[in-house]
Amino acid sequence: MKTLKLTIDGKTFTADVFEDKAPKIVAALEALGKFDSRLISAKICNEEIYYPTNAFVDEMENPFYDQEPGNIGFFPKRQCICIFYGQLDAVGFCNVFAKIREEELTDFYQIAKQVWHKQGGIITTEFVTEGGEAK
């Protein structure tokens, strides 16, 4: 089983990947291999962080307007990954392709909330097999 591994400030979080619901997005992001990017707080939306990628998918796959904490989406207009971690004032649809595991949400919330005050931290993204091996 494929999972998404996110590392921020030395803490690693695991997300289940919805390859069946967003196969083109997952394939485009996975093709990038392991990559680093800079985190930004989506202050207009409240509790959302995002970061740019080099992936390009100009389609809607598994679009959601109202997000749940832990949802990870791809926003094609800006080629970025969005991670929703709490209360959200949605402003548009986002293609949900993964979700942070429930048992990790409290710790993720604490890390993500810090981005509000300190923009530009590094996030490392990679797809791995269930055992943790890189894809």
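Just so you know, these numbers come straight off a predicted model, no measurement behind them.

Draft legend 1. Representation of the pattern of salt bridges in the model. Taken as a whole and assessed by the stated rule, the structure comprises seven salt bridges. Across the salt bridge formed by Lys-2 and Glu-30, the nearest N and O atoms sit 2.8 Å from each other. In this pair, Lys-2 sits in strand β1 (residues 2-8) while Glu-30 sits in helix α1 (residues 23-30), placing the two residues 28 residues apart along the sequence. One network of salt bridges, with partners in common, ties together Lys-2, Glu-19 and Glu-30.

Draft legend 2. Representation of unusual backbone geometry within the structure. For Asn-62, which is not a glycine, the phi torsion comes out positive at approximately 55 degrees. The buried category is assigned to Asn-62, whose relative accessible area is 18%. Positive phi, close to 50 degrees, is recorded for Gln-79, a residue that is not glycine. The class of Gln-79 is partly exposed, set by a relative accessible area of 28%.

Draft legend 3. Expanded view of the nonpolar core. In this structure, Leu-4, Ile-72, Ile-81, Ile-83, Phe-97 and Phe-108 are the most contacted members of the largest nonpolar core, which totals 32 residues. When residues of this core are assigned to their parent elements, the largest contribution, five residues, is made by helix α2 (residues 105-115). Discounting residues that sit within four places of it in the chain, Ile-83 has contacts with Leu-6, Glu-47, Glu-48, Ile-49, Tyr-51, Asn-71, Ile-72, Ile-100, Phe-108 and Ile-123.

Draft legend 4. Here's a closer look at α1. For α1, the set of buried residues is Ile-25, Val-26, Ala-28 and Leu-29. Seen end-on, α1 carries its buried residues on one side only, within an arc spanning 165 degrees. Where α1 is buried, its residues meet β1, β2 (11-17), β7 (71-75), β8 (80-88), β9 (94-100) and β10 (122-129).

Draft legend 5. A look at the pairing of β1. Most of β1 sits out of view: five of its seven residues are buried. For β1 and β10, the ladder comprises seven bridges, and the chain directions are antiparallel. Looking across to β10, one finds that Thr-3 is bridged to Val-128. The turn joining β1 and β2, which pair antiparallel and follow one another in sequence, is formed by two residues; a positive phi near 50 degrees is taken by Asp-9.

Parameters and conventions
Per-chain numbering applies: the sequence of each chain, read as written, is numbered from 1 onward. Note on the predicted model: pLDDT of at least 70 is required for a residue's local features to be given, and 80 or more for side-chain atom pairs to be given and counted; whole-chain, interface and lining totals, by contrast, use all residues. Heavy atoms throughout the structure, all of them, feed into the side-chain values; hydrogens and water do not. We define a salt bridge as a side-chain nitrogen of Lys or Arg found within 4 Å of a carboxyl oxygen belonging to Asp or Glu. Every helix listed is a DSSP run of H or I at least four residues long, and every strand listed is a run of E at least two residues long, numbered separately from the N terminus. Relative accessibility under 20% of the residue-type maximum defines a buried residue, over 50% an exposed one, and the middle range a partly exposed one, all with a 1.4 Å probe and only protein chains included. What makes a nonpolar core is a set of buried Ala, Val, Leu, Ile, Met, Phe, Trp, Tyr and Cys residues whose side-chain atoms join them at distances within 4.5 Å. By definition, residues are in contact when any of their heavy atoms lie within 4.5 Å. Directions pointing from the helix axis toward each C-beta atom define the arc. Strand pairing follows a simple DSSP-based rule, namely that at least 2 bridges must link the two strands.

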